[in-house]
Amino acid sequence: MRILICEDSALLREGLVRLLADAGHEVVAALPDATGIDDTVATTSPDLCILDVRLPPTRTDEGIRAALRLRAADPRLPVLVLSQYVEERYASDLIAGKGGALGYLLKDRVADVGEFVESVERIGAGDTILDPEVVAQLLSRRALDARMSRLTDREASVLALIAEGKSNHAIAKTLFVSEGSVEKHITAVFQKLDLEQDESGNRRVLAVLAHLEHGGPATGATQTGDPS
């Protein structure tokens, strides 16, 4: 897979280059800031872009704005955003925005090289993966939402795992139940949240989180992803 990296920390940037190369991927560009990233993407045609949320010169939202811009320009381009800590507003902007496969992970996850590389490869293949800490904060902020109050404790647990991008098989293993039980819980979750059931992993994640975040259905979340 051809990967573009945009990260201002030289140490992390070079570390990402090395571990991705060791995993058999080609890093087509490793940029210290978002200046010229659009042109670089156009000339290198990466299969995936990895960006830090905060980049020079202001270290506020340059990275997230670049990610949103790239996703809008090419909805098929997978984007993985790395953040030092959970920033709900930025996560919400990404989730609500148009685009394809998406990842939002805390930088701490890079320390587990095997898991991180697996996440990168899944996002490149079309999955959406959100850091569990991001999911927890977005869901807890809507805990009093009338729709959420319809869910049983088990259905709420399944919803959180769906939002992390887990397949039905992975959810079943996590909760020590059968896949048939997971399917029934997912059907109940979509019905109680007034969402159309869909087998696409991305739509499951994006629709559920956008619905919870914005109080309505997310009609823009239409990409394919991790199958059930």
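Residues numbered from 1 in each chain as written. Predicted model: local features only at pLDDT ≥ 70, side-chain atom pairs only at ≥ 80, totals over all residues. Heavy atoms only, no water.

> Any details on the sheet that holds strand β1 (residues 2–6)? Residues and values, ideally.
Pairing is parallel in the open sheet, where six strands are placed in the order β2-β1-β3-β4-β5-β6. Single-partner strands in this sheet number two, and they are β2 (26–31) and β6 (129–130). Where β1 lies against strand β3 (residues 48–52), four bridges are found, and the strand directions are parallel. Within β3, the position partnered with Ile5 by the bridge is Ile50. Sheet strands touched by helix α3 (residues 62–73): β3, β4 (79–83) and β5 (102–106). Its angle to β3, the strand with the most contacts, is close to 160°. In the packing of helix α4 (residues 88–96) onto the sheet, the strands contacted are β4, β5 and β6, and the crossing angle to β5 comes to about 165°. (Pairing = 2+ DSSP bridges. Helix = DSSP H or I, 4+ residues; strand = E, 2+ residues; numbered from the N terminus. Contact = heavy atoms within 4.5 Å. Axes fitted to C-alpha atoms, helices over the stretch in contact; angles between N-to-C directions.)

> Could you give me a rundown of the nonpolar core, with the residues and numbers involved?
Core analysis: the biggest nonpolar cluster contains 32 residues, and Leu4, Cys6, Ile37, Leu51, Val81 and Tyr104 have the highest contact counts within it. Look past the residues within four positions of Leu4 in its chain and what remains in contact with it is Val28, Ala29, Leu31, Ile37, Thr40, Val41, Thr44, Pro46, Leu48, Cys49 and Ile50. (Core = buried A, V, L, I, M, F, W, Y, C linked by side-chain atoms within 4.5 Å. Buried < 20%, exposed > 50% of the residue type's maximum accessible area, 1.4 Å probe, protein only.)

> Now, about the pairing of β3: what can you tell me, with residues and values included?
Judged by how many residues are buried, β3 sits mostly within the fold: five of five residues are covered. With burial as the criterion, each face of β3 is covered, one bearing Leu48, Ile50 and Asp52 and the other bearing Cys49 and Leu51. Note on the crossover from β3 through α3 to β4: the handedness is right-handed. (Right-handed = clockwise from strand over helix to strand, strands pointing away.)

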